[in-house]
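# Chain and residue survey
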Amino acid sequence: MMKKRVFAWALALCLALSLPVSALGTDEFSSGQLSGIIARQDGTWLVTDVYNKVVWKVENGRFSRFAGAVGAADVTGEPVGVYRDGKADEAYFMEPWDIAPFLKGYAVSDAAAHVVRYIEDSKVQTLAGTGVSGAASGDSTKASFERPTGLAAGDDGTLYVADALAGSIRAISTKGTVSTVVSGLSEPTGLCWMKGELYVAETGRSRICRVVNGMAQPFAGSSQDAEDEGEFYGGYVDGALQNAKFDHPQGLAAGTDGTLYVADTGNSAIRMIRDGRVYTLHRSSGAPDEAAAPRGLALAGDTLLAADRLAGIVLTIDTAQKQFADVAAGAWYYDAVAEAVRSGIASGTSATTFEPDAPMNRAMFVKMLSGLHLITDGTTVIDGDASFPDVAADAWYGAPVRWAADAGITTGDGGKFMPLRNISRQELAAMLCRYAKAQGLTPAPSAVPTALLESFPDAGDVGAWAVESMRWACENGILRGDEQGRLNPGAQATRAQALTMLRNFTTAFSI
């Protein structure tokens, strides 16, 4: 093995809703397995390939080898990995897992070789590790790793390494010293640095952690014990951080606005964490140009790049937040509209308008409520056995109405559902209250009047059938008065009001 060390004592060192998705790939690596990815300032990308054991450079959609030589094929046809330093086009990798800027070049985690490599000036060298599995710290020439995977650079230039089999996060200083930052994790892989903190995709426990004061604290996602000790089941749930579920995520990327992007590998999905909630940006429907096993993530402006190991493609996702000409920043309903659009619960009435003051009808609200339910439980089939004479089986709202009726969320009116009738504010409260009870989110409302509902001057306008639901909605902050301090229970609810009530509901019950 030829190994040239980067560090020596005499060496002086200097130091990113429903969103558009597209896929990019070429015949040159049609059998490749893309893993780590970074976007460079010159507009090109660098992508690692764990099948061909090389690092690709992508420029204007064309792929060329940046570092690594393709080895001889084994009996299965896969190129054989080799650990050998040298000129960029002559060096060999065992399993180039991730890539990150470091010093004046790029660090590459060579997982199967148990080392971290370094590319600079058209040369590949060993940055740290002995090539033998271990967990020794100290000088880079003597330190060892146990399958290094994800990489991330801190603000001071420190390179963080996810040491997957060791269950730890290691750090390589700019002077070549290796140390352990965090231990006791279950197969950590993806890493990213955001606003002074390190985030970790703890793949074994299907969750995202944040490193604070040398401790890895759960940040998003939860899992449950599997039958085998030390193994855990993931899941697929959007919503509040503590309730969200991932399935063995392997990649992270950070946006300048504080958004955290997650390659949810086991769910064939790209997720997003923003403002304390988890959203799905893209999930595969099985098409060949969609995510199969996304791993590496990187941001190039408003474009999120996702390297997919099984599909052999780079997905590009537009992350720019949807803007509507009639939804002004600072409007009382702005956050509710933005959250609903990100969640896929609602969309604009055109490419540029949302019409927040337009009335909400019964069919539209039940459809939105079914979308909210899918966020909390993606395994649910939205459909049912109920039928109404005015709801066609193949109507766009047919399945949600049947689901809502079977769950007791709606009972219709006089045997009909009346899908196009505008919904009132008290009807909204009633449906949300019934949904909450059906999901066990809250006990039945108290039959004893409280001062909160009765404090509104028009409380007497609430229909007798809706009093309990309105009391529940007021007590939980779901329904609030207008600028004149009135409830307006029988007034038609606007799109903005309906989405605001939905947002208040998810906040009140941490959904």
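Heads up: these notes are all about the structure in this document. Quick caveat, the model's predicted, so the values are computed rather than measured. (Residues numbered from 1 in each chain as written. Predicted model: local features only at pLDDT ≥ 70, side-chain atom pairs only at ≥ 80, totals over all residues. Heavy atoms only, no water.)

## Examining helix H2 (residues 362-376)
With 15 residues, H2 should cover 21 Å at 1.5 Å per step; its first-to-last C-alpha distance of 22 Å lies within 8% of that length. The buried fraction of H2 is high, at twelve of 15 residues. Buried residues of H2: Arg-362, Ala-363, Met-364, Phe-365, Val-366, Met-368, Leu-369, Ser-370, Gly-371, Leu-372, His-373 and Ile-375, and no others. On its buried face, H2 sits against strand S22 (239-240), helix H1 (334-343), helix H3 (398-406), helix H4 (425-438) and helix H7 (495-508). Sitting at the amino-terminal end of H2 is Asn-361, which places a side-chain oxygen 3.2 Å from the backbone nitrogen of Ala-363. (Helix = DSSP H or I, 4+ residues; strand = E, 2+ residues; numbered from the N terminus. Expected span 1.5 Å × (residues − 1). Buried < 20%, exposed > 50% of the residue type's maximum accessible area, 1.4 Å probe, protein only. Contact = heavy atoms within 4.5 Å. Polar contact = N/O pair within 3.5 Å; in protein donor to acceptor, adjacent residues only side chain to side chain.)

## Concerning unusual backbone geometry
One non-glycine residue with positive phi stands out, namely Asn-60, at about 55°. Following the sequence through the fold, Asn-60 ends up in the loop between strand S4 (54-59) and strand S5 (62-67). Given a relative accessible area of 77%, Asn-60 falls into the exposed group. For Ser-268, which is not glycine, the phi dihedral falls at a positive 50°. In this fold, Ser-268 is placed in the loop between strand S24 (260-264) and strand S25 (269-274). A relative accessible area of 18% places Ser-268 in the buried class.

## Considerations on the nonpolar core
Grouped together as the largest cluster of nonpolar side chains are 60 residues, with contacts concentrated most on Phe-365, Leu-369, Leu-432, Trp-472, Leu-499, Leu-502 and Phe-505. Of all elements in the fold, only H1, H2, H3, H4, helix H6 (467-475) and H7 reach the threshold of two or more residues within this core. Examining the composition of this core, we find that eight residues originate from one element, H2, more than from any other. Excluding anything up to four places from it in sequence, Phe-505 contacts Leu-372, Leu-432, Tyr-435, Ala-436, Leu-441, Trp-472, Ile-478 and Ile-511. Counting 15 residues, the second largest nonpolar core, distinct from the first, contains Phe-219, Ala-220, Leu-241 and Phe-246. (Core = buried A, V, L, I, M, F, W, Y, C linked by side-chain atoms within 4.5 Å.)

## Some details on the side chain of His-282
Relative to the assigned elements, His-282 resides in strand S26 (residues 277-283). Classification of His-282 by relative accessible area gives buried; the value is 8%. At 3.4 Å, the side chain of His-282 forms a polar contact with the backbone nitrogen of Ala-291.

## Description of the packing of aromatic side chains
Aromatic ring pairs are defined here through the distance separating the ring centres and the angle between the ring planes. Inspection of the entire model under this criterion finds 13 aromatic pairs. Ring geometry for Phe-102 against Tyr-118: centres 6.5 Å apart, planes inclined by 90°, an arrangement best described as edge-to-face. A residue pair is termed long-range when its members are at least 10 positions apart, and Phe-102 in strand S7 (residues 96-102) and Tyr-118 in strand S9 (residues 115-120) qualify at 16 residues. Between Tyr-160 and Trp-193 the ring centres are 5.4 Å apart and the planes differ by 10°, which places this aromatic pair in the stacked class. Placement of Tyr-160 in strand S13 (residues 159-163) and of Trp-193 in strand S16 (residues 188-194) is noted, with a sequence separation of 33 residues between them. An aromatic cluster is defined as three or more aromatic residues linked by ring pairs; in this entry it consists of Trp-403, Tyr-435, Trp-472, Phe-505 and Phe-509. The residue whose ring lies beneath Lys-53 is Tyr-51, and the NZ or CZ to ring-centre distance is 6.0 Å. Sitting over the face of the ring of Phe-93, Arg-117 holds its NZ or CZ atom 4.8 Å from the ring centroid. (Phe/Tyr/Trp six-rings, centres within 6.5 Å; stacked < 30°, edge-to-face > 60°. Lys NZ or Arg CZ within 6 Å of the ring centre and 35° of its normal.)

## Structural notes on the pairing of S24
Buried residues dominate S24, accounting for five of its five residues. With burial as the criterion, each face of S24 is covered, one bearing Leu-260, Val-262 and Asp-264 and the other bearing Tyr-261 and Ala-263. Judged from the four bridges that link them, strand S23 (residues 251-254) and S24 form a sheet pairing that is antiparallel. When the sheet's bridge partners are listed, Ala-253 is paired in S24 with Tyr-261. Note: S24 against S25, five bridges, orientation antiparallel. Pairing of Ala-263 across the sheet is with Ile-270, part of S25. Between the end of S24 and the start of S25, which pair antiparallel, lie four residues, with Ser-268 showing a positive phi angle near 50°. (Pairing = 2+ DSSP bridges.)

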